[in-house]
Every structure is written in structure tokens, then in C-alpha cells.
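Working through the structure, step by step
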Amino acid sequence: MDLYQRMSDRSMAKLYWIARHCGDFATANDILQALKQRTESGARCTRRCKVAA
């Protein structure tokens with residue numbers, strides 16, 4: 001997962017599309033989970049930042 005954390009959202013989306021297109025659904029699901037976790041943690045941060053401001 002460390003590799004996915006260093007990648008941009010756009011790069012991860014491209015890698016997800018490639019994995020799905022090639023039939024590597026296990027990798028595609030890992031990428032999708034990493035994107036969801038990143039989105040959820042980002043949403044928590046923005047809520048926290050808005051409350052603090």
C-alpha cells in the first residue's frame with residue numbers, strides 16, 4: 001500500500017483502469033480500496049479543518 005500512497009489520484013485511476021482492462025481484478029480492487037481510504041481520510045480532514053476554522 002505504500003506505493004499507492006505516494007501516487008497521485010490521477011495516476012491511481014489510470015492504473016486501476018489498466019488493471020481492470022487486463023483482467024487483474026485483485027490489483028484493481030486493492031487500488032480502489034486505497035482510493036476510497038484516501039477519499040474518506042481527506043473528507044475527515046476537511047470537516048475537521050472547517051470546524052477548527
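I will try to describe carefully the structure that is included in this document. (Residues numbered from 1 in each chain as written. Predicted model: local features only at pLDDT ≥ 70, side-chain atom pairs only at ≥ 80, totals over all residues. Heavy atoms only, no water.)

1. Brief notes about the overall build of the chain
For the chain, the helix and strand inventory stands at three helices and zero strands. Counting helices and strands in the order they occur from the N terminus, the chain gives α-α-α. Going through the 53 residues of the chain one by one, you find that 15% of them count as buried. By element, 56% of the accessible surface of the chain is carried by carbon and sulfur atoms, the whole surface being about 4,400 Å². (Helix = DSSP H or I, 4+ residues; strand = E, 2+ residues; numbered from the N terminus. Buried < 20%, exposed > 50% of the residue type's maximum accessible area, 1.4 Å probe, protein only. Areas by Shrake-Rupley, 256 points an atom, 1.4 Å probe, with all protein chains shown as cover.)

2. Details of the environment of Thr39
On the secondary structure map, Thr39 appears in helix H3 (residues 25–52). Judged by its relative accessible area of 55%, Thr39 falls in the exposed class. In this structure the C-alpha to C-alpha distance between Thr39 and Asp9, which are 30 residues apart in sequence, comes to 9.5 Å. At 2.8 Å, the side chain of Thr39 forms a polar contact with the backbone oxygen of Leu35. (Polar contact = N/O pair within 3.5 Å; in protein donor to acceptor, adjacent residues only side chain to side chain.)

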